[in-house]
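Listed below, chain by chain, are the residues.
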Amino acid sequence: GAGVSQSPSNKVTEKGKDVELRCDPISGHTALYWYRQRLGQGLEFLIYFQGNSAPDKSGLPSDRFSAERTGESVSTLTIQRTQQEDSAVYLCASSLEGRVNSGYTFGSGTRLTVV
Amino acid sequence: AQSVTQLGSHVSVSEGALVLLRCNYSSSVPPYLFWYVQYPNQGLQLLLKYTSAATLVKGINGFEAEFKKSETSFHLTKPSAHMSDAAEYFCAVSEDGTASKLTFGTGTRLQVTL
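Note that the coordinates shown come from a computational prediction; the quantities given were computed from them, not determined experimentally.

Asks: So what exactly am I meant to see when it comes to the overall build of chain A here?
Replies: A tally of regular secondary structure across chain A gives zero helices and ten strands. In chain A, the succession of α and β elements from N to C terminus is β-β-β-β-β-β-β-β-β-β. By the compact-globule yardstick of 13 Å for 115 residues, chain A fits well, its C-alpha radius of gyration being 13 Å. With the C-alpha coordinates aligned to their principal axes, the bounding extent of chain A is approximately 35 × 25 × 25 Å. Taking the intrachain contacts of chain A between residues at least 6 apart in sequence as the baseline, contacts between residues at least 24 apart amount to 56%. Here chain A has roughly 5,400 Å² of accessible surface; of this, 43% comes from carbon and sulfur atoms. Here chain A contributes 12 positively and 12 negatively charged side chains, and the mean placements of these two sets differ by 4 Å.

See the structure below:
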C-alpha cells in the first residue's frame with residue numbers, strides 16, 4: 001500500500017481481556033517495528049522484525065506481549081490479559097532496510113484504552 | 001546507552017515568529033540524530049536527520065537543525081512559524097546508522113497562534 005496501515009485506530013477493552021493490533025507495512029519494506037507511546041512519554045521500542053531473521057524482542061515489557069509477522073507482510077501485536085498500564089498508542093513503522101538511516105514510515109497508530 | 005531530552009512539552013509561538021524546539025542527547029559515540037513530526041491523527045514523518053556530514057541540516061517545510069557536539073544539542077528551528085506547523089515534534093537518536101532502533105524523546109507540542 002501507499003503507507004503503513006494500522007487497525008483498529010481505537011480500541012477500548014476490559015481489563016483481563018486479550019487484544020490484537022494489526023500492522024500492514026509498505027509493500028517491499030523488509031523491516032517492521034512496533035513502538036508504544038504512553039501519555040506524556042516518548043516512544044518506547046517494543047519489537048523489530050527484519051526479513052526472515054529472528055525478531056528483536058528486547059523491548060517487550062512482559063510475557064503478556066507477543067508479536068508475529070509472516071514473511072515481509074502483515075504483523076500482529078497481541079497483548080494478553082490486558083492491564084490498565086497497557087493503555088497507550090501503539091505505533092507501527094516499516095522501512096526498506098533494517099537501518100535507522102534508511103528512514104522509518106510510521107502508521108497513525110492504535111489507541112488502546114484498558115478500562 | 002543513548003538518551004534524548006526535549007525541554008518543554010508545550011511551546012506556543014505567534015504566527016510569523018521564530019520556532020525553537022530544544023533537544024539534547026546523550027550518547028557514548030557520535031550519534032545519528034533525527035527530528036520527526038506528528039500532525040493530528042497522522043503517523044510520524046521524518047523532518048530531517050543528521051548523519052555526521054554537515055552540522056546544519058535542512059529539512060522539509062523550512063525547518064532546520066544544527067548539531068552542536070560541544071553542547072550535545074540538536075535544536076530544531078524555523079524562522080517564521082505558520083499555522084500549519086502546529087503538531088507534535090519528536091527528537092530521536094541512534095548510535096549509528098546501521099542500528100535498528102531509535103531512542104525517542106518525550107515530544108514537544110507546538111501551538112501556533114494568530
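Still more ground to cover, so stick around.
Asks: What's the story with the interface of chain B and chain A in this structure? I'm lost.
Replies: Put simply, an interface is often sized by how much accessible area is lost when its parts join up. Contacts between chain B and chain A engage 22 residues on the former and 20 residues on the latter. Summed over both sides, the interface between chain B and chain A buries roughly 1,600 Å², with carbon and sulfur atoms accounting for 58% of that surface. By the criterion of area lost to chain A, the three top residues of chain B are S100, K101 and F104 of chain B, representing 30% of everything that side buries. Where chain B packs against chain A, one counts zero salt bridges. Inspection of the chain B/chain A interface yields two residue pairs in polar contact (both at pLDDT 80 or more). At the level of secondary structure, the elements contributing two or more residues to the side of chain B that touches chain A comprise β5 (32-38), β6 (44-50) and β10 (87-94) of chain B.

Asks: Where do I start with the nonpolar core in this structure?
Replies: If you look at soluble globular proteins, the nonpolar side chains tend to sit buried side by side. Among the nonpolar cores identified, the biggest contains 27 residues, and W35, L48, F74, L76 and Y89 of chain B are the most heavily contacted of them. Those elements that provide at least two residues to this core are β2 (10-14), β3 (19-21), β5, β6, β8 (64-68), β9 (73-78), β10 and β12 (108-113) of chain B. A per-element tally of this core places β10 of chain B first, with four residues. Among all residues touching Y89 of chain B, those that are not within four sequence positions of it are Q6, L21, W35, Y36, V37, L47, F63, L76, G107, T108 and L110 of chain B. In this structure, F49, L60, F65 and A88 of chain A belong to the second largest nonpolar core, which totals 20 residues.

Asks: Sorry if this is basic, but what is going on with the pairing of strand β3 (residues 19-24) of chain A here?
Replies: Taken residue by residue, a regular strand's side chains alternate between the two faces of the sheet. All names here are of chain A. Every second residue of β3 is oriented toward a common face, the buried set being V19, L21 and C23 and the non-buried set E20, R22 and D24. Note: strand β1 (residues 5-7) against β3, three bridges, orientation antiparallel. Looking at β3, one finds that S5 is bridged to D24. Of the strand pairs in this sheet, β3 and strand β7 (residues 75-79) are connected by five bridges, and their pairing is antiparallel. In the sheet register, V19 faces β7, and the bridge partner there is I79.

Definitions and cut-offs
Residues numbered from 1 in each chain as written. Chains lettered and ligands numbered in written order. Predicted model: local features only at pLDDT ≥ 70, side-chain atom pairs only at ≥ 80, totals over all residues. Heavy atoms only, no water. Helix = DSSP H or I, 4+ residues; strand = E, 2+ residues; numbered from the N terminus. Rg over C-alpha atoms; globule rule 2.2 N^0.38 Å. Contact = heavy atoms within 4.5 Å. Areas by Shrake-Rupley, 256 points an atom, 1.4 Å probe, with all protein chains shown as cover. Lys, Arg positive; Asp, Glu negative; His and termini not counted. Charge placed at Lys NZ, Arg CZ, Asp CG, Glu CD. Buried area = accessible area lost by both parts, 1.4 Å probe. Salt bridge = Lys/Arg side-chain N within 4 Å of Asp/Glu carboxyl O. Polar contact = N/O pair within 3.5 Å; in protein donor to acceptor, adjacent residues only side chain to side chain. Core = buried A, V, L, I, M, F, W, Y, C linked by side-chain atoms within 4.5 Å. Buried < 20%, exposed > 50% of the residue type's maximum accessible area, 1.4 Å probe, protein only. Pairing = 2+ DSSP bridges.

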